[in-house]
Amino acid sequence: MPSSYEVFEKDAREQGSYRYTTDRLSSRTSNQRINAAMFSSNLLQGKSVIDVGCGDGTYTGHLFEGGAASVLGVEPGAETVEVARKKNAPINGKMPEFQVCNAYDLESLGRTFDVAVVRGVIHHIPDPLRGIRQICKVAKDVLVIEPNGYNPVLKIIEKVSPYHREHGELSYTRATLARWFAEAGGTLQSHSYIGLVPFFCPNWMVYPLKAVEGVVESIPLVRTLMCGQVVMHFRTKVGAEK
């Protein structure tokens with residue numbers, strides 16, 4: 001079986017985008033909620049940002065909307081990187097850079113960044129801890145957005161959905177992610193559970209789910225089990241000696 005990045009490379013080559021980034025209502029709604037959660041922290045304001053596993057580049061340019069001063073998107077697939085370059089246009093006069101680079105090889109860039117954004121990437125990496133160790137060596141702050149591994153419905157979908165199985169999707173709990181980052185030298189600063197609208201649900205489901213999303217996100221145990229995404233902010237040792 002091909003690796004998950006090779007499957008995504010095939011998607012970019014044949015479709016010109018990923019299924020997660022298509023303009024269907026559910027995907028658009030889910031992505032808008034994730035963007036709002038990312039930007040509400042003001043973590044990106046005036047910062048240099050690396051978008052680790054940037055995919056087809058759909059999310060990369062949006063980082064300028066969150067106030068990023070500069071953005072580099074990295075992805076292991078050369079064809080996908082080319083799609084990302086073609087897809088992006090200047091935002092407020094700024095353009096993201098794109099470069100072919102595997103999450104395991106981030107130190108080879110020879111650069112460090114204020115912030116690493118790791119959006120929907122870790123659950124595709126065959127060796128998550130190895131990738132996380134590299135991430136924690138190139139950025140002072142790390143913003144992680146991952147499928148919520150406590151959600152039982154999501155765990156079922158990962159096992160039965162041909163798409164999810166083909167693309168190597170395996171979500172992890174917040175506790176597991178926090179443990180891996182701690183092993184890599186990262187310290188958890190904050191976390192939240194967000195989102196109730198699945199990326200691939202039919203349009204008729206979007207409106208009622210969105211209507212109760214805020215209520216679900218406000219109830220501790222309920223949000224842990226029902227929300228689709230976990231957003232985590234880690235602080236690393238990069239630049240600590242300065």
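In short, a report on the structure.

One pair of aromatic rings is described through two measures. These are the centre distance and the angle between the planes. Enumeration according to the criterion identifies three aromatic pairs in this entry. Plain terms: the ring middles of Phe 181 and Phe 234 are 4.0 Å apart, the flat faces sit at 10° to each other, and that makes the pair stacked. Taken together, the residues span a long stretch of sequence, with Phe 181 in helix α7 (residues 174-183) and Phe 234 in strand β7 (residues 229-235) at a distance of 53 residues. There is no split in this pair, since Phe 181 and Phe 234 are both buried. The ring of Tyr 59 carries Arg 119 above its face, with NZ or CZ at 3.8 Å from the centroid. Above the face of the Tyr 104 ring, Arg 130 is positioned so that its terminal group lies 4.0 Å from the ring centre.

Before going further, it helps to examine a nonpolar patch on the surface. The grouping of Leu 221, Leu 225 and Met 226 at the surface amounts to a nonpolar patch, some 300 Å² of accessible area in total. Note on placement: Met 226 falls in helix α9 (residues 220-226). For Met 226, a relative accessible area of 44% corresponds to the partly exposed category.

We now examine the side chain of His 123. Topologically, His 123 is positioned in the loop between β4 (113-119) and α4 (128-138). Residue contacts for His 123: discarding those within four places in its chain leaves Glu 146, Pro 147, Gly 168, Glu 169, Leu 170, Ser 171 and Tyr 172.

Conventions adopted
- Residues numbered from 1 in each chain as written.
- Predicted model: local features only at pLDDT ≥ 70, side-chain atom pairs only at ≥ 80, totals over all residues.
- Heavy atoms only, no water.
- Phe/Tyr/Trp six-rings, centres within 6.5 Å; stacked < 30°, edge-to-face > 60°.
- Helix = DSSP H or I, 4+ residues; strand = E, 2+ residues; numbered from the N terminus.
- Buried < 20%, exposed > 50% of the residue type's maximum accessible area, 1.4 Å probe, protein only.
- Lys NZ or Arg CZ within 6 Å of the ring centre and 35° of its normal.
- Patch = residues over 30% accessible without salt bridge, like charges linked within 9 Å, V, L, I, M, F, W, Y side chains within 5 Å.
- Areas by Shrake-Rupley, 256 points an atom, 1.4 Å probe, with all protein chains shown as cover.
- Salt bridge = Lys/Arg side-chain N within 4 Å of Asp/Glu carboxyl O.
- Contact = heavy atoms within 4.5 Å.

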